[in-house]
Structure formats: structure tokens, C-alpha cells
Amino acid sequence: MQKSLLIIAIVLFTVFQSRGSEQLKYTINESWHFIKDSSITNVSQFLDQQDIAELVDIPHTWNVEDVTDENEGFYRGAGWYTKEVRVPTAFKDKQMFLFFEGVATKADVYINKQLVREHVGGFTRFVVPVSKHIDFDQTSEFTTFNVVVKADNSYNADWPSLHADFTFFGGMYRDVNLVVTEKIHFNIEDYAANGVFVTTPNVSEESGDVNLKVRIKNDEASTKKVKLLTKVYGPSQELVQEKTSSLVLEVGANEFQVELTPVANPELWSPDSPKLYKVVCQIYDAKTNQRIDESINSLGFRWFKFDVENGFFLNGKHLKLIGTNRHQDFKDISNAVPDHIHVEDILRMKAMGSNFLRIAHYPQDPAILEMCDRLGIITTVETPIVDTVTESEEFTKNCLSAQLEMIRQNFNHPSLIIWAYMNEVLLHPRFTDDKARYNVYTDYVLDLAQKIEDMTRAEDPYRYTMIPNHGSLERYQQAGLTEVPMIVGWNIYDGWYGRGYDNLQPKLESFHAAVKKPMIITEYGAGVDPRLHTLEPTRFDFSQEYAVMYHNHYVKFFMETPYIAGANVWNYADFNSEGRVDAVQSINNKGLVGLDRAPKDVFYYYQASLLKEPFMAIGTKTWGQRTYVEDKAGSGISTMPVQVFTNQNEIELIVNGKSLGVKKADSVIVVFDVPFVNGINKLVAKSTNDTYLEDFSSIRINVLPLSLTDFPETGISINVGDKRFFYDDKIDQAWMFDKAYTQGSWGHIGGQPYVRPEKNVQQPYGAKQTILGTKNDPLYQTQLVGIEQYRFDVPAGVYEVKLHFAELEGTKAKHLPYDLTDESEEVARITNRTFSVLMNDKTVIDKIDLLGQYGEYRAVKIKSEVSVGEGQPLLINFKKIIGEPVLNGIEIYKKL
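A few points on the structure.

The rules behind the values
Residues numbered from 1 in each chain as written. Predicted model: local features only at pLDDT ≥ 70, side-chain atom pairs only at ≥ 80, totals over all residues. Heavy atoms only, no water. Helix = DSSP H or I, 4+ residues; strand = E, 2+ residues; numbered from the N terminus. Rg over C-alpha atoms; globule rule 2.2 N^0.38 Å. Buried < 20%, exposed > 50% of the residue type's maximum accessible area, 1.4 Å probe, protein only. Contact = heavy atoms within 4.5 Å. Areas by Shrake-Rupley, 256 points an atom, 1.4 Å probe, with all protein chains shown as cover. 1 Å grid on protein atoms, 1.4 Å probe; cavity = no way out; pocket = protein on both sides within 12 Å on 5 of 7 lines; lining within 4 Å. Points joined across faces, edges and corners; volume = space filled by probe spheres on them. Nonpolar A, V, L, I, M, F, W, Y, C, P; charged D, E, K, R; others polar. Core = buried A, V, L, I, M, F, W, Y, C linked by side-chain atoms within 4.5 Å. Salt bridge = Lys/Arg side-chain N within 4 Å of Asp/Glu carboxyl O. Axes fitted to C-alpha atoms, helices over the stretch in contact; angles between N-to-C directions. Left-handed = near helix turned anticlockwise from the far one by under 90°. Pairing = 2+ DSSP bridges. Polar contact = N/O pair within 3.5 Å; in protein donor to acceptor, adjacent residues only side chain to side chain. Parallel < 35°, antiparallel > 145°, perpendicular 65-115°, else oblique.

## Considerations on the overall build of the chain
Piece 1. When helices and strands are counted, the chain shows 12 helices and 58 strands.
Piece 2. For the chain, the C-alpha radius of gyration of 31 Å lies close to 29 Å, the compact-globule estimate for 896 residues.
Piece 3. By the burial criterion, 61% of the 896 residues in the chain qualify as buried.
Piece 4. When contacts within the chain are restricted to residue pairs at least 6 apart in sequence, those whose partners lie at least 24 apart make up 72%.
Piece 5. Accessible surface, the chain as shown: approximately 34,400 Å² in total, 48% of it carbon and sulfur.

## Quick look at the environment of phenylalanine 168
Piece 1. Secondary-structure assignment places phenylalanine 168 in the loop between β10 (142-152) and β11 (171-172).
Piece 2. With 14 residues separating them along the chain, phenylalanine 168 and serine 154 place their C-alpha atoms 8.9 Å apart.
Piece 3. Excluding residues that lie within four positions of it along the chain, phenylalanine 168 makes contacts with Asn63, Phe74, Arg76, Asn153, Ser161, Leu162 and His163.

## Some remarks on empty space enclosed by the protein
Piece 1. Overall, the coordinates contain 5 cavities of 30 Å³ or more when judged by the stated rule.
Piece 2. In this structure, the largest cavity encloses a volume near 220 Å³.
Piece 3. Around the largest cavity, the lining comprises 23 residues; the ones closest to its centre are Phe123, Phe166, Thr167, Phe168 and Phe169.
Piece 4. Of the residues belonging to the lining of the largest cavity, the class tally is 10 nonpolar, 11 polar and 2 charged.

## Some details on the nonpolar core
Piece 1. One finds Trp490, Leu508, Ile521, Tyr524, Phe558 and Tyr606 to be the most contacted residues of the largest nonpolar core, which totals 114 residues.
Piece 2. The element contributing the most residues to this core is helix α9 (residues 544-560), with 8 residues.
Piece 3. If sequence neighbours within four positions are ignored, leucine 508 has contacts with Ile492, Met519, Ile521, Phe557, Phe558, Tyr563 and Ile564.

## Section: the pattern of salt bridges
Piece 1. Overall, the coordinates contain 37 salt bridges when judged by the stated rule.
Piece 2. Between glutamate 459 and arginine 408 there is a salt bridge, and its shortest N-O distance comes to 2.8 Å. With glutamate 459 in helix α6 (residues 435-459) and arginine 408 in helix α5 (residues 393-409), this pair connects stretches of sequence that are 51 residues apart.
Piece 3. Note that lysine 451 and aspartate 447 form a salt bridge whose closest N and O atoms lie 3.3 Å from each other. Here lysine 451 pairs with aspartate 447, and both are found in helix α6, just 4 residues apart, close to one helical turn.
Piece 4. Residue lysine 451 is classed as partly exposed on the basis of its relative accessible area of 40%.

## Considering the packing of helix α3 (residues 339-352) against helix α4 (residues 366-375)
Piece 1. Running from amino to carboxyl end, α3 crosses α4 at an angle of 35°, the nearest separation of the two axes being 9 Å. In this structure, α3 crosses over α4, and the sense of that crossing is right-handed. Taking contact as the criterion, the partners of His342, Val343, Ile346, Leu347 and Lys350 in α3 are, on α4, Ala367, Ile368, Met371, Cys372 and Leu375.
Piece 2. Taken together, the residues of the contact of α3 with α4 break down into 8 nonpolar, 1 polar and 1 charged.

## Topic: the sheet that holds strand β51 (residues 789-792)
Piece 1. With antiparallel pairing, the 5 strands of this open sheet are ordered in space as β48-β51-β56-β53-β54. Only two strands of the sheet have a single neighbouring strand rather than two, namely β48 (746-749) and β54 (842-848). Between one strand axis and the next, the sheet turns by 10° as a mean value, whatever way the strands run.
Piece 2. In the sheet, strand β53 (residues 834-839) pairs with β54 via 4 bridges, with the strands oriented antiparallel. Bridge pairing links phenylalanine 835 to isoleucine 848 in β54.

## Brief notes about the sheet that holds strand β24 (residues 311-314)
Piece 1. The strand order across the open sheet built from 3 strands is β23-β24-β25, with neighbouring strands paired in antiparallel fashion. Strands with a single pairing partner mark the edges of an open sheet, and in this sheet they are β23 (304-307) and β25 (317-318).
Piece 2. Summarising the sheet, β24 and β25 pair through 2 bridges and their orientation is antiparallel. When the sheet's bridge partners are listed, leucine 314 is paired in β25 with lysine 317.

## As for α4
Piece 1. Along α4, 8 of the 10 residues are buried, which leaves the element largely enclosed by surrounding structure.
Piece 2. Those residues of α4 lying buried are Pro366, Ala367, Ile368, Leu369, Met371, Cys372, Asp373 and Leu375.
Piece 3. On its buried side, α4 packs onto β22 (291-299), β26 (321-326), α3, β27 (356-359), β28 (378-382) and β29 (416-420).
Piece 4. With a side-chain oxygen lying 2.9 Å from the backbone nitrogen of alanine 367, the N-terminal cap of α4 falls on aspartate 365.

## Looking at the environment of glutamate 809
Piece 1. Tracing the backbone shows glutamate 809 in the loop between β52 (797-805) and β53.
Piece 2. For glutamate 809 and glycine 619, which are 190 residues apart along the polypeptide, the C-alpha to C-alpha distance reads 36 Å.

## Observations concerning helix α10 (residues 601-610)
Piece 1. With 9 of 10 residues buried, α10 is to be regarded as a mostly interior element.
Piece 2. Residues Asp601, Val602, Phe603, Tyr604, Tyr605, Tyr606, Gln607, Ala608 and Leu610 constitute the buried set of α10.

## A word on the pairing of β22
Piece 1. Strand direction decides the pairing type here: strand β21 (residues 277-285) and β22, joined by 8 bridges, are antiparallel. Following the sheet pairing, isoleucine 283 is matched in β22 by aspartate 293.
Piece 2. Counted along the chain from β21 to the antiparallel partner β22, the turn is 5 residues long, and its residue asparagine 289 has a positive phi close to 60°.

## Remarks on the packing of α9 against α10
Piece 1. Contact geometry for α9 and α10: axes closest at 9 Å, N-to-C directions at 25°. Overall, the two elements α9 and α10 adopt an arrangement that is roughly parallel. You can see that α9 and α10 cross each other, and the crossing is right-handed. Counted together, Gln544, Ala547, Val548, His551, Asn552, Val555 and Met559 of α9 and Asp601, Val602, Tyr605, Tyr606 and Leu610 of α10 form the full contact between these two elements.
Piece 2. The class makeup of the residues in the contact of α9 with α10 is 8 nonpolar, 3 polar and 1 charged.

## As for the side chain of asparagine 146
Piece 1. Relative to the elements of secondary structure, asparagine 146 occurs in strand β10.
Piece 2. The exposure class of asparagine 146 is buried, given its relative accessible area of 8%.
Piece 3. A polar contact of 2.7 Å, which involves the side chain of asparagine 146, links it to the side chain of glutamate 84.
Piece 4. Leaving out residues up to four positions away in the same chain, asparagine 146 has contacts with Leu47, Thr82, Lys83, Glu84, Tyr110, Ile111 and Asn112.

Without other data, these values stay purely geometric and don't point to any function.
This is how it looks when you write it as C-alpha cells:
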């Protein structure tokens, strides 16, 4: 390993020498020694324990596993990293820096055991000067120095974010670089910016202004003269213009303004044609004409405006902004994601037809904005001031610092048009029981907002500002927050949280009338567990089908409403939120794609709605196996709806070689009632015009006979007390929803679906707590209460019966922190429940007490065998002893 490092160092030094003296930058991500331990109090104590350290590579987080396990909470504390860094001793005449792209949440950086930098903020970059803290070994070709980084993601009242519906991962989760420059260099110590800030204050089809603010650092001992050569290259890499400026550099930081000749007839940047120019700035020594440093930045010519009544205009043309939000984590690696995932995410957004991205709720990897520039996705980015604030000078300082770092680090991106801050900052305000104290609190929030706003406009007078609020108009108006930014964002969830989505139009009309500022719907969405499907979509059922209905309603209204400038789906992808207890534990699953980026039906819906090129996709591709009853006894046919998403007028569907005819699209959805047969069914959807679109799907259907005289080989799996199909994609098992017993068939007798005891709950049935001991939470979150019997009229034989239970009462029902409604008070409803289970009059479970024996919200599975004689049914009786018997699921397989 040491030999490899030596070779790398020699190569890098050779490259540095051959290129003149311009900046050298490379990662030092590999082979850091790591210990997760908040009890370590100093750097020496940590270094003494290196023999027990784990060897890790950057990007790295220590929260990969504990944020998705069944235990409440995750490690929030300190993690210590160390590495020996070897550099050529010839670098003694240079300036060296450590360049951190992201350390969460606070970083203490030590060089040779000396604390040299502290940085608060886990989402922005920071730079640490190195050269002045090391002694170069004059007797050796190479010098080695020790770096220690203490990362800390503890809760601290002065570190934003304080609370939020996402996981606060800890660690060095983005690249770490070594940067080597001459002593005269573009000033990367200026909030980790690159020293050049490009503006285009006046742009038209005929002309585009280009102005530069250039910051150069002179670490020499005296004043120096240099030349600044500025070149502008066009989208085809042709030289458009160049300008040489003679500069005198004082010792320390210097700033200069450079005004270039306007570019005639510029090729404009837009989502359809993201033409990128390039600005290259080079510093030369005035005496030797040797190149000292270089900074390269993107340039896009565009002009834009927001109008209160008519929305958004780009380059003089109206453009409806539609896209998503994005968090930065990925399945099984949390937020320590490689560049490839960032790149693929933006490519997938473009493939969806998106032209708008809200980078929420914090600045993300540099690759995100770089890709948006290249692909033509308009963006907004914000600082992580979320939910609530702390009334302290230190909190204010950290908020302002985060905003300033964000602006300077991301300044030169033509895709970026809005600086945002303070997401839902009054969602959980303090002191609500003391009006006078509450007013003091909101006055502080308002003052902080105004400070951020003033600083942002001073830093960048050419972009817009925005505060995204949750849907409480009165609260934000009374606090004065709707008056501060240039754009007001609203996070609206009617139809998921709160009331039905029919309330969307009257709500937004009232908001528009009350706040005469441009409006963006910064969040809207519905949770989707891809394993859940239903024939009766309803709010908060987490089914694919309800999500399509929800988004279809929202998108239609947005497209028809001119004063809505833009809208961002919450969210592009599912993401980690450790405190969540929905259908999938610790995951916010409102994404259009999964945490692993597998598309859901709503992703295809947006492709059909937004893409200009012809598109078609058959829905529910992830539903690999289904079980459903036959249409009528003996038919062997199960008819189920299949959605096809398309921007074409008509679609033909062919099933198992037989055409079901041609149907016209309703909006962008075509629904076919498909007569499935038992086994594999092959579907082909075709456009009827000359686009020649085709899409294919292969679906396995278990047609469940109404009469069980010929018991199915696949067995029967029933999701009891539910109206949803459930597909266990880990073991390819299909569960059908429950039904009441009918003569000669099967089903339950007695009982009612479980309903949470609170008033005004979102879902019509079932719990939403995490179920311990399983990943299949939806199976155990629903149940029949008061069930008397489950009956199967089966042929004689021996059957294996597995019963599934969970106690859904016994604690206070939580009003969870991410729930954007004012639900009822918590309700204590502890239930004593004891019952027995008999199979064909034989007691197989005697006096089960779910709460006492297993605890609340825990999956319980009990399997037994029963022999059924000729002419007998299989009867599972539930004998009430105390309280009401319950059943969550049942599986039956014939053995003999």
C-alpha cells in the first residue's frame, strides 16, 4: 500500500510540474482509520487507540444500519477519522489545502495533533490551509503529515437543522481533496468558492453581458503584479473573446471587477436547449509570464422572471416548471453515495420530463448542479433551516454562514435561479401556549429571515429568493414571513394529510388572493409502498393506484392554473427518515422511484405527462405475482384493471396473443380490464399511430377458485382486515385481500377491520406504527377485530395453517412530527385481550395474550396442522375470553 501511495505522489508531482504551476487537486479518500466513540475527549486519546480502529474509505457514514433497524433512534455523536498524508517535499514552496466537500454535522480538523479548523454545517464545503501547520522534511523527497477529523452529528441547539423529516447522518460522507496552489491563487479560502463569480445582468437574443467578480489571494510577503487572462468559449468550444487585465495584488485577499465585451447573438440556455459557454480565468506572473492558477466556470445566457398572475417566463417565453425535490441518500449506503448515483439521478429526472428541481433541504454534491447545467433542469437550492429555530446568536451566525457558503460555492450555475431558506419553519413553533412569548419567538424568526434575505440579495441581486412554508397561511402571514422573500413556496398535501384533494383548488385560490407574490408549490405527494395495490384506492392506503389518482388530480390543476409558476413533487426518490412508522419503517416513501431507484407507477405517469417525445409504459411492472379470485365459479378467469401510461391518443393491448381492442387515453392513462388466466400472462401494449411504440409485461396470476374443491397448489395467503393486495417481493409471495365467507367458498365470519381510536385519522382502517419482527409491516398493520371464524370449504386432506397476529393497541397513538395536520390529541387505549384458537374443534392456541406474551406492535406467527375429513370444512374458530379476538393474516397449504 505504501509503495502505491509513493507512486501516486510521484505521478501527481510530475503532472503538477509539467503543467506549469496551476492548481492541483486530487482526492485522498482511501484508507482512513475510524472509531465511532463520543467518549474520546482529545486527539491524542484517539490516536492511541488506532489499533482498534476500522479501516474505511470516504465517502463514509456510520449510520448505514442503525437508521433502518427496529430500534428507535440512531447514533448521534462523534466519529473520529485519521490518515497519514504523504506529499512531495517540493510542495514546501506551494500552498496546500484540505478541501472537504461534506462532513456532518460539525467538523474539527487537526493537523499533526493541532486543531486548525472547526466547521459547523454538514452540507457545504470548507477549506483548511495546511502548509503553515507542517514542517517539511528537507532530508527526504517526501513529507508525511497526520490529519485527524472529528465529525459530530449530535443534536445541538445551535446547529441547523434541529428537527426534520429526514435522517441526520454522521460522517465524512463526501469527497476529501488535497489542493495544491502557488502562493498567488484564486481564493478558495473564501467560503470554499473558486474565486470567480460570473453574472449576466443583461441578456437578450441579440446580446449577453458578462461580468466577473474575481477574488485572488496573495500569500507572498509583498505586493505582486500579475496578469489576468479571461477567455470565453462557446458551446462548440470555439473562442468567443478574451481579455487581459493587469492587476496589482496586495498581500492577502484581493477583489477585482472584470467587465467583458457583450456576446453578440448568444445561444440561449433553456431546458430544451441547454447551451453552455465556458469562462476560463488564468493568472500569469507579470514578469515571467508563467501561468500561476486557473479557474473554469460554466456560463449560460438566459433571462427569466416570475409574475404573480402568469407564472414563470424564460427567455421571454412562458414555461410551466414541473419537477421534483431530491434527498441525497440511497439504499444500503445512506448518504455516502458515489458520484455515479448523483449523475444517474439527474439523468433519470430528465428522462422523466422534469424541467425543475428543488434541491432540498440542503446543498448537495457538486455533481447535481453540474448535471442540471448540462441537461437543462432549472433548480432551486436552500439551506437546512427546517421546522424550528433557536433564539441565539450562535444559531443566527450558523444560519447566515450556511447561506453565504451555499451562495458562493454554487454561484456559477446557469440552471440555478432561486436561493431558498427556512423550510416549514413554523411547522412546530415553540411557546404556542403563551401568546406573548410566541410573538417574541416569531419576531426572532422574522428578524433572522430578513437578515438572510438581505445578505442573499446583496450577494446575488440577479436571482430570486424563496421561503417554503407548510399549508398554514394564517400562521406565516401573522408572523410576517410571507412579506420577506421574493417568491412564496407552499408545501401542500391535501388528499394525503389533511382533507381530500378536492380542497386543493379552493385552498390555493385563497392563498393566491392573500399573498400577492409569485407562487411555487414546493412540495406535494402521496406515500407509495410498491408492494401494495388495491381495487378501491383511498387516501393513506399507500397503494400505487391511489398515488396515480392523487398526482393526476394535482398535475391537471397545476397545468391549468397560470398563477402557479411551478411545482415540485415530494419526492424524486424514497429516502431515510428514521422516525417514520408508515408502511415501510424509517422510510419516507413518497418518492416517484424507490430508495433503490426502481420506478413506481407514478414515475411512468409523469413521463407520460411531461415528455414531448412519444411515450408509453404498462403500469405495475414491480407487481411480479398476484392472487385474485376468479370472476365466477369455474371460469378460471380473474379480471383486473391494468393501466397504461402514454402521451399518445390511442393504445391497443394484446393479452396472451389476443387483442383487447383499442382505447383512447383519459388524460395520459388508458385502463384495460384484463381477463387473466392462471399462470404467466404476457401483455403487449402498442400505439396505433406511426410512432410504433411497444411495451411488454409478463405477469404471474394465481387465479383463486371460488370453490376450493380443487385446492390450489400455490396455497392461499390472505391479508386479513384489508382491502389491499400485498406482494412480498423478497420471496415472491402474493397476498390477496380479505373477503366474507360465502357458501361453498371461503372467508371470514364476524369481525370488523381495525380502525385507529383517534378522531380525524387519515387512513380508513389499520394502524401506522412500526411492526417489530418483520419487514412486511402492512400485513400486520391491518386486522379483523372480533372475528368469530375463518372458514374454508376444502377437500379432505391434511393442511398446514399459519396464523399471523399483532397487538395494535396498548400504547398512546402518536401524532408524528412529520404529519402536516392538526390531528386529535393522543389517545390512550390499552386493551386486555385473551382468546383461544381452535381448528376443527381442536385447540391449537390456548388463551393467547398478545400484549402480555409478545408486546405491542410485534409480528406473531403460529403454524399448525389440521386434518379435514371427507365432506368437512376447515374451520378456524376464535374463542373470546377477554376482549375481542383478532387476526391479521392467514396462510393455508395442502400437505396431503
